[in-house]
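The primary structure of each chain is shown beneath.
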Amino acid sequence: MQAYCIRDLTSGFSLSPVVAENDLTFMRMVRSECANANPGSNIIKYPEEFALVHVGEWDPETGVLTGYPHPRTLGKVSDLLPPPSVDNTSSGVSVTSSS
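Residues numbered from 1 in each chain as written. Predicted model: local features only at pLDDT ≥ 70, side-chain atom pairs only at ≥ 80, totals over all residues. Heavy atoms only, no water.

Enquirer: Explain the pairing of strand S1 (residues 2-8) to me, and be specific about the residues and the numbers.
Expert: Counting buried positions over the seven residues of S1 gives six, a clear majority of the element. In this structure, S1 lies alongside strand S3 (residues 50-59), joined through seven bridges in antiparallel fashion. Residue pairing across strands places Tyr-4 opposite His-54, the latter belonging to S3. (Buried < 20%, exposed > 50% of the residue type's maximum accessible area, 1.4 Å probe, protein only. Helix = DSSP H or I, 4+ residues; strand = E, 2+ residues; numbered from the N terminus. Pairing = 2+ DSSP bridges.)

And the structure:
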C-alpha cells in the first residue's frame, strides 16, 4: 500500500497521511472528498495552493509506515477539479432578441 498526503503550500504544513493502493486511487479519493467538502473550505477556495504528495509506503501486515526521503509531488488539487463555472449574468452585457 502507498501513503499520501495533501500539502498546504501556503502554510508549509501537510494534512495527515492516508493510505491508497496507487496514485490514481488516491486522486479519486481526493476528488470525492472535494465534491463533498464545504464550499468555504480553503482546499475548495484555493485548490492551486494544495499539493498531492506520495510520501511513502505502508505495510498492513507489520503496521510500519516507511517515508520516502524525497516525497514525490503528483500535482495540485486544482488539477483534479473541474474548471470554475463562468457566470455570464454579471458581465454587464444584456442580450435581447428582436422579432
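Having seen the structure, we can now continue with the description.
Enquirer: How would you summarise helix H1 (residues 23-35) if you had to cite specific residues and measurements?
Expert: The end-to-end C-alpha separation of H1 is 18 Å, in line with the 18 Å expected for 13 residues at 1.5 Å each. Among all positions of H1, only Thr-25, Phe-26, Met-27, Val-30 and Cys-34 are buried. Structurally, the start of H1 carries an N-cap: the backbone nitrogen of Leu-24 is 3.1 Å from a side-chain oxygen of Asn-22. (Expected span 1.5 Å × (residues − 1). Polar contact = N/O pair within 3.5 Å; in protein donor to acceptor, adjacent residues only side chain to side chain.)

Enquirer: Explain the environment of Ala-35 residue by residue, including any values.
Expert: Checked against the element boundaries, Ala-35 lands in helix H1. The class of Ala-35 is exposed, set by a relative accessible area of 65%. It is 8.7 Å that separates the C-alpha atoms of Ala-35 and Leu-81, two residues lying 46 residues apart in sequence.

Enquirer: Requested: an account of the side chain of His-54, with residues and values cited.
Expert: Position of His-54 relative to the elements: it lies in strand S3. For His-54, a relative accessible area of 5% translates into the label buried. At 2.8 Å, the side chain of His-54 forms a polar contact with the side chain of Gln-2. Those residues within four positions of His-54 in sequence are excluded, and the remaining contacts are Gln-2, Ala-3, Tyr-4, Asp-23, Tyr-68, Pro-71, Arg-72 and Leu-74. (Contact = heavy atoms within 4.5 Å.)

Enquirer: Got a sec to walk through the pattern of salt bridges? Specific residues and values, please.
Expert: This model, assessed by the stated rule, comprises one salt bridge. For Asp-23, the salt bridge identified is with Arg-72, shortest N-O distance 3.0 Å. One end of the pair, Asp-23, is in helix H1; the other, Arg-72, is in strand S4 (residues 64-76), with 49 residues separating them in the sequence. (Salt bridge = Lys/Arg side-chain N within 4 Å of Asp/Glu carboxyl O.)

Enquirer: Mind laying out the nonpolar core, listing which residues take part and the relevant values?
Expert: Tyr-4, Ile-6, Ala-20, Phe-26, Met-27, Val-30, Cys-34, Ile-43, Phe-50, Leu-52, Val-77 and Leu-80 together form the largest nonpolar core, which totals 12 residues. Every element with two or more residues in this core is listed here: S1, H1 and S3. Here the element with the most residues in this core is H1; it accounts for four residues. Beyond its immediate sequence surroundings of up to four residues, Phe-26 is in contact with Tyr-4, Cys-5, Ile-6, Val-18, Ala-20, Leu-52, Val-53 and Leu-74. Among the nonpolar cores identified, the runner-up in size contains five residues, and Cys-5, Ala-51, Val-53 and Val-55 belong to it. (Core = buried A, V, L, I, M, F, W, Y, C linked by side-chain atoms within 4.5 Å.)

Any link to function would need more than the numbers given here.
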